[in-house]
Amino acid sequence: YRSLMLGWKDRMHLTWELTWPLASLDLIAVFLIRVVADSRDESLTAIWAVIAFFCVGPLVVRRALARRYGGLEIHPRLTWQQSLKVMWLLGWRSETLSLIAIVVFSGLLKLAPGLRATVTTTDPFWNDIGLSLADTVTSLLFYPLLIPAMLRKRYRGFHLELRSPQIVEAVPLGKSKAKSK
């Protein structure tokens, strides 16, 4: 028995489905908080972060894993708690890789002092946009590498499995398989 795995193209498709909804909502939230509400207060962005983590993130994971990739389905259909577990696995692993990438990028900025002055800002709107874009880019870069581990992991109470879709026998309209008397 050879286990099914997603190819690179399908991992990129799954990555996109996991990334774009939350990235879009994050940019909208930043715009609403910083521009429409004209708030410089960090408590609103903290509230959004909690909502995004506990409510929106699991819904995005559930939606993404309910789709087909390369003709394969991911089972089981996830509950909110299972979605949160999958999201947590992707989140902490990608954040770890992101932090390493940010340290390297910061080191490169220190080596190029002229560039450092052009990207410095204290405006909360641009800081939030920059963080959102950095998170999106690192997710797009690292999720394809993390998806195989996500699919292999044995979560407490469940595991994800790739399956070929069930083929249902077609019955012509107006005909029933059982004979009526």
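Scroll up to find the structure this text is about.
The following paragraphs examine the structure supplied in this document. (Residues numbered from 1 in each chain as written. Predicted model: local features only at pLDDT ≥ 70, side-chain atom pairs only at ≥ 80, totals over all residues. Heavy atoms only, no water.)

1. A word on the sheet that holds strand 2 (residues 72–75)
We count it as follows: For two strands to count as paired, DSSP must find a minimum of two bridges between them. Put simply, DSSP H or I for four residues or longer makes a helix, DSSP E for two residues or longer makes a strand, and each gets a number counted from the N terminus.
The strand order across the open sheet built from three strands is 1-2-5, with neighbouring strands paired in antiparallel fashion. Every other strand in the sheet has two partners, leaving strand 1 (68–69) and strand 5 (161–163) as the edge strands with one partner each. Pairing between strand 1 and strand 2: two bridges, direction antiparallel. If you follow Tyr-69 over to strand 2, its bridge partner there is Leu-72.

2. Details of unusual backbone geometry
Cis rather than trans, the peptide bond between His-75 and Pro-76 has omega equal to 0 degrees. Position of Pro-76 relative to the elements: it lies in the loop between strand 2 and helix 3 (80–111). One non-glycine residue, Asp-38, adopts positive backbone phi at about 50 degrees. Checked against the element boundaries, Asp-38 lands in the loop between helix 1 (8–36) and helix 2 (42–65).

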